[in-house]
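Letter by letter, the chains look like this.
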Amino acid sequence: MLKGKTIVLGVCGGIAAYKAVELLRLYKKAGADLHVIMTAAAQKFVTPLTFQTLSGNPVHTELFDLFQGHEIGHISLADRADLLVVAPATANLIGKVANGIADDLLSTTIMATRAPVIFAPAMNTNMLENPVYCSNQARLETFGYRFIEPSTGDLACGWQGKGKLPDPAQLFSNSLTSLYPADLSNETFLITAGPTREEIDPVRYLSNYSSGKMGYAIARAAAERGAKVVLISGPTALDPPRGVETLYVVSAQQMNGAVLERAHEATVVIKAAAVADYRPLIRADGKVKKEGQETWSLELEKNPDILATLGQMGLKALLVGFAAETDDLIGNARKKLEKKNVDLIVANDVSRVDAGFEADTNAVRLLFRDGSEEELPLLPKSAVANILLDRIKTLCDA
Ligand code: PMT
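Worth saying up front: this structure is predicted, and the values here are computed from it rather than measured.

*Asks:* Give me the lowdown on the layout of surface pockets, citing residues and values where you can.
*Replies:* Taken as a whole, the largest pocket encloses approximately 1,400 Å³ of empty space. Lining the largest pocket are 33 residues, and of these Gln170, Ser173, Asn174, Arg220 and Glu224 lie nearest its centre. Taken together, the elements giving at least two residues each to the lining of the largest pocket come down to α1 (17-29), β7 (146-147), α8 (168-176), α9 (213-224) and α13 (381-397). Per element, the largest residue contribution to the lining of the largest pocket is six residues, and it comes from α9. A class-by-class count of the residues in the lining of the largest pocket yields 15 nonpolar, seven polar and 11 charged. Here the second largest pocket is characterised by a volume of approximately 1,000 Å³. Lining the second largest pocket are 40 residues, and of these Ala273, Ala274, Val275, Asp277 and Lys336 sit closest to its centre.

Written as C-alpha cells, this is what we have:
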C-alpha cells in the first residue's frame, strides 16, 4: 500500500526510540522507501546500524555530510519525502522547530520539506503540560503540523500519566491519513463489526472471539478518508472511532434490524461482524440451575443471514462481505460470494494466530465478482483496511 512512497522517519533521543524500530518495520512491510534521520541523542538509545539494516538505506545523522556527490543532504531528503514522521519527538526538537531553529539534520529537514510532518511526542507528564511546551505545540499546529497524542501509562521516568509514545501499530495507522487524500468524501459507509451475543439465560450467552478490531479499523480509515460512516457494533472493548456514528447492538436479530434500517443510506456496505449463525430456541427468564443435570442440551434456531438478505434486496450499494474460514479458504469464500450475491468478499483464514480473530494483524485474500483475486501479506489491520478501501474506491468509480 505504500509502494512508491518515501517516508522520512526522524528519531529523537528518548527511551521510546526503540519503538521507532518497530514503526520502521511496519512502513517497510507496507512497501515504503524509508530514510531515517537520527539526532545525536537518539544514537545513545538505539544504534544507527539497527535502522540502517532494517530500512535498507543509510541512516542520516550529520547536517554537513554531502549526499550522493552533488545533492545537499537535508534538501534532498526534504524534497523526496512524501511524509516526515518524528517518533519519538522530544520537547527540545518541537521547541526548536516552533521557534525557527534549524541546527541539526532533523530540524533542518523539517524546515525544508513541503511534505506533511507529523510529530509523535513522548516525554514526562510535567514536560508535556509545561506551558512553554504547550504553546510550541499549538504554534506548530496553527502552521499545519500534525501531532499524534501521547498515550497514558507508566512512564520510564517512574511517573504515571500522559506522555508515552503510542504503540507502533497505532502510530502507523494514524500517520497514514496524511498520505491519503479525502478520496471517499462522496461515499456513505455502513460497516458492521464485532461479535453478536445470543442469550441462553440472564447470565450466559453464545458468542465468538471477534474483538471488533477489523471492522473498527475499516470504519476509522473510511472516516479519515472523508466518508460518512455508520458503524453497527456488537459488544467490544474498543473506543468508538472518531468521526463515526457508532450504534451498539447485542444479538444477531438486533444487528439485522439496525442494518436493514440504515442500509438504504449507504453507498457501500461492509459486513466485518462475526454474526452468530444460531441462537437458543428458548431464552430462560431465570438462571438455569445445574442441580440434577449432568448434561444439558441446547436447542438452537437459525439467525437471519443479514448479508444474504442485503444481497437479495437489490440495493444500489456496493456489498462487501468477509468469510472467516478454517478449511478450503478460497473455495468456501467464493461460494459465499455467489450465494450471498456480494461484489467483493474478504477471505480470512482464522486458523492463524496472527490473523483473523483478536489479532492486530490480518492476512486476507480479496475475491472479486469478476473472478479475479488479490492476496495481501500479513499487515496491521489498519493497512488491510486502507487497501480494502482503495479497491472499493476503484469499484465505486468504475
Ligand atoms: O473482530 P476481529 O477480532 O478483528 O476479527 C475479525 C474477523 C475475523 C471477525 C473478520 O475479519 C471476519 O472474518 N468477519 C466475518 C466473520 C464471519 O462471520 O464470517 P462468516 O463466514 O460466518 O460469514 C460470512 C459473511 O456473512 C460475513 O460478512 C458475515 O458478517 C455475514 N453474516 C454471517 C452470518 C449471518 N447470520 N449474517 C451475516 O451477515
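Next, the rest of the story.
*Asks:* Residues and numbers for the side chain of Ser233, please.
*Replies:* Tracing the backbone shows Ser233 in strand β13 (residues 228-233). Of the residues examined, Ser233 reaches a relative accessible area of 0% and is grouped as buried. Ignoring anything within four residues of it in the chain, the contact list for Ser233 reads Ala193, Tyr216, Thr246, Leu247, Tyr248, Val249 and Met255.

*Asks:* Can you explain the nonpolar core? Please cite residues and give values.
*Replies:* Counting residues in each nonpolar core, the largest one holds 70 residues, and the members touching the most others are Phe51, Phe189, Ile218 and Ile392. Sorting elements by how many residues they give to this core places α9 first, with eight residues. Counting the residues that make up this core, at least three belong to each of domain 1 (6-176) and domain 2 (188-278 + 296-397). Among all residues touching Phe189, those that are not within four sequence positions of it are Leu184, Ala222, Ala227, Lys228, Val229, Val230, Val268, Ile270, Leu389 and Ile392.

*Asks:* Explain the domain arrangement of the protein residue by residue, including any values.
*Replies:* Parsing the protein into structural domains produces domain 1 (6-176) and domain 2 (188-278 + 296-397). Just the C-alpha atoms count here: the centres of domain 1 and domain 2 sit 35 Å apart. The interface of domain 1 with domain 2 comprises eight residues on the first partner and eight residues on the second. For the pairing of domain 1 and domain 2, the buried interface totals around 540 Å² over both sides, and the portion due to carbon and sulfur atoms is 66%. Applying the counting criterion to the domain 1 and domain 2 interface returns zero salt bridges. Seen at the junction of domain 1 and domain 2, the total is zero residue pairs in polar contact (both at pLDDT 80 or more).

*Asks:* Residue-level account of the pattern of salt bridges, with values.
*Replies:* Tallied over the entire structure, the rule returns 23 salt bridges. The closest approach of N and O atoms between Glu375 and Arg365, which form a salt bridge, is 3.2 Å. One end of the pair, Glu375, is in strand β22 (residues 373-375); the other, Arg365, is in strand β21 (residues 364-368), with 10 residues separating them in the sequence. Residue classification places Glu375 among the exposed positions, given a relative accessible area of 57%. The structure contains a network of salt bridges with shared partners spanning Lys228, Glu245, Arg262 and Glu265.

*Asks:* Describe in detail empty space enclosed by the protein, supporting the description with residues and values.
*Replies:* For the structure shown, the criterion picks out one cavity of 30 Å³ or more. Each pocket or cavity is described by its volume, and for the largest cavity that value is around 60 Å³. Around the largest cavity, the lining residues are Ser173, Asn174, Ala217, Arg220, Ala221, Glu224, Ser382, Ala385 and Asn386. Considering every element that reaches the lining of the largest cavity, the biggest residue donor is α9, with four residues. Grouping the amino acids of the lining of the largest cavity by side-chain chemistry returns three nonpolar, four polar and two charged.

Conventions adopted
- In this convention, every chain numbers its residues from 1, walking through the sequence in written order.
- Under the rules for a predicted model, residues below a pLDDT of 70 receive no local features and side-chain atom pairs below 80 are neither given nor counted, while totals for whole chains, interfaces and linings still include all residues.
- Only hydrogens and water are removed before side-chain values are computed, so all heavy atoms of the structure are retained for them.
- Whether a set of points on the 1 Å grid over the protein atoms alone is a cavity depends on a 1.4 Å probe fitting there but being unable to get out, while an open set qualifies as a pocket with protein on both sides within 12 Å along at least five of seven lines; lining residues are those with an atom within 4 Å of a point.
- Grid points are joined across faces, edges and corners, and a volume is the space filled by probe spheres set on the points.
- Helical segments are the DSSP runs of H or I of at least four residues, strand segments are the runs of E of at least two, and each set is numbered from the N terminus.
- Amino acids are sorted into nonpolar (Ala, Val, Leu, Ile, Met, Phe, Trp, Tyr, Cys and Pro), charged (Asp, Glu, Lys and Arg) and polar (every other residue, Gly among them).
- Only protein chains enter the accessibility calculation, which uses a 1.4 Å probe. A residue is then buried if its area is under 20% of the maximum for its type, exposed if over 50%, and partly exposed in between.
- A contact between two residues is defined here by any heavy atoms of the two lying within 4.5 Å.
- The criterion is simple. A nonpolar core is a set of buried Ala, Val, Leu, Ile, Met, Phe, Trp, Tyr and Cys residues joined through side-chain atoms within 4.5 Å.
- Note that the domain bounds reflect an automated or database-derived domain assignment.
- Summed over both partners, the accessible area (1.4 Å probe) lost when two parts come together is defined as the buried area.
- A pairing counts as a salt bridge when a side-chain nitrogen of Lys or Arg comes within 4 Å of a carboxyl oxygen of Asp or Glu.
- The term polar contact refers here to a pair of N or O atoms within 3.5 Å; inside protein, the definition further demands a hydrogen-donor-capable atom paired with an acceptor-capable atom, and it admits residues adjacent in sequence only when both atoms are side-chain atoms.

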